[in-house]
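Coordinates in review
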Amino acid sequence: MPKSIILGISQRRALRKLVENSRERLYRMAYAWTHDPHLADDLVQQSIYKALNNQKQLKDMGAAEAWLFRILSNCLKDHYRAKRDVVSADDVVIADEVTPEQNTEKQQLVDKVRRAVRKLPMAQCQVVTLVDLEGFTYASVAEILEIPVGTVMSRLCRGRRALKEHLIDVGTAATPRRSTTLKRVK
Amino acid sequence: MKKDEHFSEEQLNAFVDGELDPEEKSRLYNESAKSPELDMRLCQTRKLKELVRHAYDDVPAPQRPRGPTLRRSGPFGRALVAGVLLAIGATSGYLGHGLISAEPANTSAATAQVLEQPENYLLHVVSGDPEQMYSALSHAKFLLDSADEGEIRRIEIVANERGLDLLRSDVTPYAEEIRALQKNNVVFYACARSIQRLEEKGVEVVLVPDTRQDYTALDRVVMRMQDGWKYEKI
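These remarks concern the structure in this document. Each chain carries its own residue numbering, running from 1 in the direction its sequence is written. Written order determines the labels here, with chains lettered from A and ligands numbered from 1. It should be noted that, the model being predicted, local features are given only for residues of pLDDT at least 70 and side-chain atom pairs only at 80 or more, the latter also being counted only at that level, while totals for whole chains, interfaces and linings use all residues. Processing note: side-chain calculations cover all non-hydrogen atoms of the structure and skip hydrogens and water entirely.

**With respect to the overall build of chain A**
Across its full length, chain A holds seven helices and zero strands. Runs of H or I in DSSP of at least four residues are treated as helices and runs of E of at least two as strands, each being numbered from the N terminus. Counting from the amino terminus, chain A carries its helices and strands in the arrangement α-α-α-α-α-α-α. Burial here depends on accessible area, computed with a 1.4 Å probe over protein chains only, as a share of the maximum for the residue type. Under 20% is buried, over 50% is exposed, and the range in between is partly exposed. By residue count, 51% of the 186 residues in chain A fall in the buried class. Note on contacts: a residue pair qualifies if any of its non-hydrogen atoms lie within 4.5 Å across the two residues. Of the contacts made within chain A by residues no fewer than 6 positions apart, 67% connect residues no fewer than 24 positions apart. Surface exposure of chain A reaches about 9,000 Å², of which carbon and sulfur atoms provide 48%. For accessible areas, the Shrake-Rupley method is used with a probe of radius 1.4 Å. Any residue's cover is judged against the shown protein chains and nothing else.

Spelled out as structure tokens, the structure:
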């Protein structure tokens, strides 16, 4: 039996399991990027279409998760590209919306954080949420967003600095930059 | 200069995210023990990370309009997605060549059932381009004509996004062709979500007679692929 066939079947099974387990995670990420349940749902569906239709492109199951989230990110880019040709998706800031006043302390906190995340430029929002919600490594985020690891770090830094200004009363004076040694860098 | 100013925000982030190498991590641990300011910066960075995670622990589920067709799964359709992927494996061709036993026992029966079925097709139209629409209709006709003698081949055409224009009675250029295919038992489905979106923009959507609706095109695609149908996106 040709080896490639065995690998192909194994890969399809693994992909099947991955998508089965990832749909809610993809939705959560899409929601964190857009704060729009309808749009998030659409993006996830488009991502699943694309993943299923292009599964042959996936050569390494080890990179499958990042591949799936990269498809999601590309679907978001396509969405904004279709909406407005001139503005880069990286620069998009989701408009702040007034949310209904919530009574619970937990909900108030959640709303406050989401409002702060919503104010981030999309490029920073994506990096922050991929790292914080999914626990992706910087190298994986770089793969997903197709940007250098250094850019991941700088966007994360700017994003978290902005969030701190909204969420934590701390001074954000710049500190001297120093090269950082990462344990995992692609 | 304060001691903690030796550490940049990038380094603190990398520490909190588990990205620092062991040597630098140890150095930061030691320094933070000596410097309350550095310790506070680390705590704040950790707190921020936790806050973001906490804010998206529970996200609102998409509000789905109720379509006339019963759906087979919960709000996220996980079971259906599992099914579509199973079906992809089952219909890929490889499983029909002595590899069925490689499947778990509970899927072998389903796979065998799929292999015994006639070739049914789901065609998916997403484009508003009249040529693409016509291509879908022509392809459906071809598939009907090419069925083996005595074979009852079932065909469905599902339309969403711009492709919904195919099924809008006031827009479609192909009402007659659709009617002719319907007489040959081709069933047309419109995506209720796409209709809802148009209606939200103030567009009145009137569908070609006998068009059915499913909540989303994906629901239909996944269900049919689970049933062993072939899927073609036009």
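**So, the pattern of salt bridges**
Two side chains that carry opposite charge are able to pair once their charged atoms sit near each other. Any carboxyl oxygen of Asp or Glu that lies within 4 Å of a side-chain nitrogen of Lys or Arg is treated as forming a salt bridge with it. This structure, assessed with the given rule, holds 20 salt bridges over all chains. Residues joined by salt bridges that share partners form a network here, namely A:Arg25, A:Arg28, A:Glu65 and A:Glu134.

**Remarks on the packing of aromatic side chains**
Any pair of Phe, Tyr and Trp rings, taking the six-membered ring for Trp, is counted once the centres come within 6.5 Å. Such a pair is stacked with planes under 30 degrees apart, edge-to-face with planes over 60 apart, and tilted for the rest. One pass over the structure, following the stated rule, counts four aromatic pairs over all chains. Plain terms: the ring middles of A:Phe69 and A:Phe136 are 5.1 Å apart, the flat faces sit at 75° to each other, and that makes the pair edge-to-face. Taken together, the positions of A:Phe69 in helix H3 (residues 64-83) and A:Phe136 in the loop between helix H5 (122-132) and helix H6 (138-145) put the pair 67 residues apart, joining distant regions of the chain. Look at A:Phe69 and you get buried, because its relative accessible area is 1%. A residue is classified by how much of its surface remains accessible, and A:Phe136, at 9% relative accessible area, is buried. Seen in terms of ring centroids, B:Phe15 and B:Tyr29 are 5.1 Å apart; in terms of plane orientation they differ by 80°. Their pairing is edge-to-face.

**Looking at the environment of B:Thr45**
For B:Thr45, the position within the fold is in helix H3 (residues 36-55). Separated by 33 residues in sequence, B:Thr45 and B:Leu12 have C-alpha atoms that sit 7.4 Å apart.

**Side note on a negative patch on the surface**
Residues and elements named next belong to chain B. Patch construction takes residues with relative accessible area above 30% that form no salt bridge. Like charges are linked within 9 Å, and nonpolar side chains (Val, Leu, Ile, Met, Phe, Trp, Tyr) are linked within 5 Å. The charge count includes Lys and Arg as positive and Asp and Glu as negative, but it does not include His or the ends of the chains. Where a charge lies is defined by one atom per residue type: Lys uses NZ, Arg uses CZ, Asp uses CG and Glu uses CD. Taken together, Asp170, Glu199, Glu200 and Glu204 make up a surface patch of like negative charges. Mapped onto the elements of the fold, Glu200 is located in helix H8 (residues 192-200). The exposed category is assigned to Glu200, whose relative accessible area is 53%.

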